[in-house]
Amino acid sequence: MTYKVGRCLLRERLYESGMTQTQLANKLKITVQQINKYASGRQGMSLQVAKNIASILHCQMEELYEWIEVGDDE
């Protein structure tokens, strides 16, 4: 089975954790604007950023995105 990356779920994970984009940005030492780019889907996260965000939000990296099943041949 293969999957493709769907929409970013960062906003949902932030809401569930009770953390704001500003608080996350401060913990990562990056700008709020950059967090907003990730959350809005305007820019994808690198694996390093996704791992760090997942660690801060106490979730798995896979939970930061929607995953769409595309079948066996894609």
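Our structure is the block above this text.
Keep in mind it's a predicted model, so treat the numbers as computed, not measured. (Residues numbered from 1 in each chain as written. Predicted model: local features only at pLDDT ≥ 70, side-chain atom pairs only at ≥ 80, totals over all residues. Heavy atoms only, no water.)

(A) Broad picture of the overall build of the protein. When you go through the protein residue by residue, the secondary structure sums to four helices and two strands. Helices and strands appear in the protein in the N-to-C order β-α-α-α-α-β. In terms of overall dimensions, the protein has a C-alpha envelope of 40 × 20 × 20 Å along the principal axes. Across the 74 residues that make up the protein, the buried fraction comes to 32%. Partitioning the contacts of the protein with sequence separation of at least 6, the portion at a separation of at least 24 is 60%. Accessible surface, the protein: about 5,100 Å² in total, of which carbon and sulfur atoms supply 49%. Taking the average place of the 9 positive charges on the side chains of the protein and the average place of its 9 negative ones, the gap between the two points comes to 16 Å. (Helix = DSSP H or I, 4+ residues; strand = E, 2+ residues; numbered from the N terminus. Buried < 20%, exposed > 50% of the residue type's maximum accessible area, 1.4 Å probe, protein only. Contact = heavy atoms within 4.5 Å. Areas by Shrake-Rupley, 256 points an atom, 1.4 Å probe, with all protein chains shown as cover. Lys, Arg positive; Asp, Glu negative; His and termini not counted. Charge placed at Lys NZ, Arg CZ, Asp CG, Glu CD.)

(B) Highlighting the pattern of salt bridges. Applying the stated criterion to the full structure yields three salt bridges. R7 is paired through a salt bridge with E12; the nearest N and O atoms lie 2.9 Å apart. Under the relative-accessibility criterion, R7 is labelled partly exposed at 45%. Across the salt bridge formed by E66 and R7, the nearest N and O atoms sit 3.9 Å from each other. Taken together, the residues span a long stretch of sequence, with E66 in strand 2 (residues 65-71) and R7 in strand 1 (residues 2-8) at a distance of 59 residues. Given the relative accessible area of 34%, E66 is considered partly exposed. One network of salt bridges, with partners in common, ties together R7, E12 and E66. (Salt bridge = Lys/Arg side-chain N within 4 Å of Asp/Glu carboxyl O.)

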